[in-house]
Amino acid sequence: MGDFKRDIIKLISLIFAVSAVTLQIINNMQKEDNYDLSFEYINIKDMAQTKVANKSETTTEDLMNSVFTGYTTPEIVEVSLPNAKGFQEVPFTGVRKIEKAPEVPKRVWYLPTEIGNVTQNPHYGHVALDITSPRGYNELIFPVANGVISGIYRDNAGALIVTVLHDIDGKKFTSQYVHLSSYANGIYVGKPVTINDCLGRMGSTGYSTGVHLHLALLDCALFDPNDPNCRDLNGFFRYANYRLGQGYSGLGTMMAVPGNWTQR
Ligand SMILES: [Zn+2]
């Protein structure tokens with residue numbers, strides 16, 4: 001082989017190497033924007049709205065369902081899971097103004113299980129409470145306040161998740177219930193629920209090391225396209241960590257959560 005051919009081969013190899021590095025850099029840049037990619041999303045909103053439309057008494061539903069108008073979420077990302085592989089930390093940008101945690105009537109918030117033990121408190125990357133129960137899979141999960149179911153989905157790790165939208169004196173909150181073993185019968189997106197309506201059973205689906213509930217509570221309307229803070233789960237994740245930096249720690253900010261309890 002002559003020198004010329006060798007040089008050509010070297011040049012082509014170099015081009016391939018540079019291309020590969022460039023692609024990797026672009027890939028990493030995209031990841032920073034999206035945190036985690038390719039999660040599965042089960043959109044049952046159309047089914048839910050059909051059910052709501054068929055109901056005779058739609059006053060409350062209409063009011064709350066206005067939140068879901070135009071609701072489209074191309075990607076669902078399970079957030080705040082402590083054991084997720086390749087978890088990527090997101091730096092605070094500091095672009096929003098610092099604001100005080102909202103004062104809400106604490107009596108509206110209830111514990112999500114009848115019996116519970118807090119095993120993990122909120123911290124950066126995990127803006128949620130982890131709660132176990134001696135009943136294990138038999139423990140039923142309830143909303144922390146009255147509201148409307150805003151999401152029923154599972155991530156690509158298989159975690160069954162329900163989210164509930166709360167309207168407290170005109171201010172929107174979202175509670176998120178992760179790792180359920182099963183959904184309660186008859187739940188659907190758009191369904192009004194009270195603190196006594198079961199959402200499902202405690203479980204260990206998805207990235208989980210044992211039977212527990214991962215409970216996030218945030219002062220925004222998840223999946224509401226008009227909510228700039230958390231119209232999707234990436235925003236929810238970003239906003240939760242931003243609020244944590246302000247001293248907001250989800251349900252712990254809203255009420256005194258005991259380390260363990262034997263009744264709600
Ligand atoms: Zn958790």
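Residues numbered from 1 in each chain as written. Predicted model: local features only at pLDDT ≥ 70, side-chain atom pairs only at ≥ 80, totals over all residues. Heavy atoms only, no water.

Undergrad: Residues and numbers for the coordination of the zinc ion, please.
TA: Of the protein atoms, only His-126 (NE2), Asp-130 (OD) and His-214 (ND1) coordinate the zinc ion, at distances of 2.0 to 2.2 Å. Ordering the donors of the zinc ion by residue number gives the pattern H-x3-D-x83-H. Placement of His-126 in the loop between strand S1 (116-120) and strand S2 (129-132) and of His-214 in strand S10 (residues 213-218) is noted, with a sequence separation of 88 residues between them. His-214 matches His-126 in its accessibility class, with the two residues each being buried. (Donors = N, O, S within 2.8 Å, 3.2 Å for Na, K, Ca; no water. Helix = DSSP H or I, 4+ residues; strand = E, 2+ residues; numbered from the N terminus. Buried < 20%, exposed > 50% of the residue type's maximum accessible area, 1.4 Å probe, protein only.)

Undergrad: Before we move on, can you summarise the sheet that holds strand S5 (residues 160-168) with the specific residues and values?
TA: Taken together, the eight strands give an open sheet; going across it, the order is S8-S4-S5-S6-S10-S2-S1-S11, and neighbouring strands pair in antiparallel fashion. Edge strands, defined here as strands with exactly one partner in the open sheet, are strand S8 (192-193) and strand S11 (260-261). Where strand S4 (residues 147-154) meets S8, two bridges bridge the pair, whose relative direction is antiparallel. From the neighbouring strand, Val-148 faces S8, where its bridge partner is Pro-192. (Pairing = 2+ DSSP bridges.)

Undergrad: So what's going on with the nonpolar core? Residues and values would help.
TA: Core analysis: the largest hydrophobic core is formed by 49 residues, its most contacted members being Trp-109, Ile-149, Tyr-177, Leu-213, Leu-217, Phe-236 and Leu-251. Among the secondary structure elements, those contributing two or more residues to this core are S2, S4, S5, strand S6 (171-180), S10, helix H4 (233-244) and helix H5 (251-254). If one sorts the elements of this core by residue count, H4 sits on top with six residues. (Core = buried A, V, L, I, M, F, W, Y, C linked by side-chain atoms within 4.5 Å.)

Undergrad: Mind laying out H4, listing which residues take part and the relevant values?
TA: Taking 1.5 Å as the rise per residue, H4 with 12 residues should run 16 Å; its terminal C-alpha atoms sit 16 Å apart, in good agreement. Every buried residue belonging to H4 is among Leu-233, Asn-234, Gly-235, Phe-236, Phe-237, Tyr-239, Ala-240, Asn-241, Tyr-242, Arg-243 and Leu-244, and all of these are buried. At the N-terminal boundary of H4, the capping side chain belongs to Asp-232, with an oxygen 3.2 Å from the backbone nitrogen of Asn-234. (Expected span 1.5 Å × (residues − 1). Polar contact = N/O pair within 3.5 Å; in protein donor to acceptor, adjacent residues only side chain to side chain.)

Undergrad: Could you give an account of the pairing of S6, naming the residues involved and the relevant values?
TA: The two faces of a sheet get side chains in turn, since along a regular strand they alternate between them. For S6, the tally of buried residues reaches eight of 10 residues, placing the bulk of the element in the interior. Both S5 and S6 contribute to a ladder of nine bridges, which runs antiparallel. Opposite Ile-168, over in S6, you have Lys-171 as the bridge partner. In sequence, S5 turns back onto S6 through a hairpin of two residues, with Asp-169 there showing a positive phi of about 50°. In the sheet, S6 pairs with S10 via five bridges, with the strands oriented antiparallel. Along S10, the bridge assignment pairs Val-178 with His-214.

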